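# Reading the structure
Listed here are the chains, written in short residue letters.
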Amino acid sequence: MTQNQQQDLLIEWDLYQPKQQNAILSEFRRRFQGNYSKNDLFEFLKQKLEIEGYWEKIGLV
């Protein structure tokens, strides 16, 4: 994932309410059970937020 994609992902993440963020992070923690990297989190969020299609439209892919 490029730096621009990471930045855009974090911008999108900030649009979610704390309750939504907590639910998504809980699912991530259950799936990875403490054995994960920053890249794992970014890839998980990319899938959960369904942002890749948007990146294709704006040329970030």
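Residues numbered from 1 in each chain as written. Predicted model: local features only at pLDDT ≥ 70, side-chain atom pairs only at ≥ 80, totals over all residues. Heavy atoms only, no water.

### Overview of the pattern of salt bridges
Summed over all chains, the structure comprises four salt bridges. A salt bridge links E43 to K46; the nearest nitrogen and oxygen atoms lie 3.1 Å apart. Taken together, the residues E43 and K46, both in helix α3 (residues 38-48) and three residues apart, mark about one turn of the helix. A relative accessible area of 32% places E43 in the partly exposed class. (Salt bridge = Lys/Arg side-chain N within 4 Å of Asp/Glu carboxyl O. Helix = DSSP H or I, 4+ residues; strand = E, 2+ residues; numbered from the N terminus. Buried < 20%, exposed > 50% of the residue type's maximum accessible area, 1.4 Å probe, protein only.)

### Focus: the confidence of the model for the chain
In this model, the chain carries an average pLDDT of 93, and 100% of its residues clear a pLDDT of 70 or more. The secondary-structure element of the chain with the lowest mean pLDDT is helix α4 (residues 52-58), recorded at 90, while helix α2 (residues 18-32) shows the highest, at 96. (pLDDT = per-residue confidence, 0-100.)

### What about the packing of α2 against α3?
Running from N to C, α2 and α3 cross one another at 125°; their axes reach a closest spacing of 11 Å. By the angle between their directions, the pair α2 and α3 is classed as oblique. Where α2 crosses over α3, the two elements pack in a sense that is right-handed. The residues of α3 that touch α2, namely those facing I24, L25, E27, F28, R31 and F32, are D40, L41, F44, L45 and K48. Classifying every residue of the contact of α2 with α3 by side-chain character gives seven nonpolar, no polar and four charged. (Axes fitted to C-alpha atoms, helices over the stretch in contact; angles between N-to-C directions. Parallel < 35°, antiparallel > 145°, perpendicular 65-115°, else oblique. Left-handed = near helix turned anticlockwise from the far one by under 90°. Contact = heavy atoms within 4.5 Å. Nonpolar A, V, L, I, M, F, W, Y, C, P; charged D, E, K, R; others polar.)

### Observations concerning the packing of helix α1 (residues 3-14) against α3
Put simply, α1 and α3 touch, their axes get as near as 11 Å, and they point 60° apart. Between α1 and α3, the angle is such that the two are oblique. The way α1 lies across α3 gives a crossing that is left-handed. Residues Q6, L9, L10 and W13 of α1 form the contact with α3, whose participating residues are N39, F42, L45 and K46. Counted by class, the contact of α1 with α3 contains five nonpolar, two polar and one charged residues.

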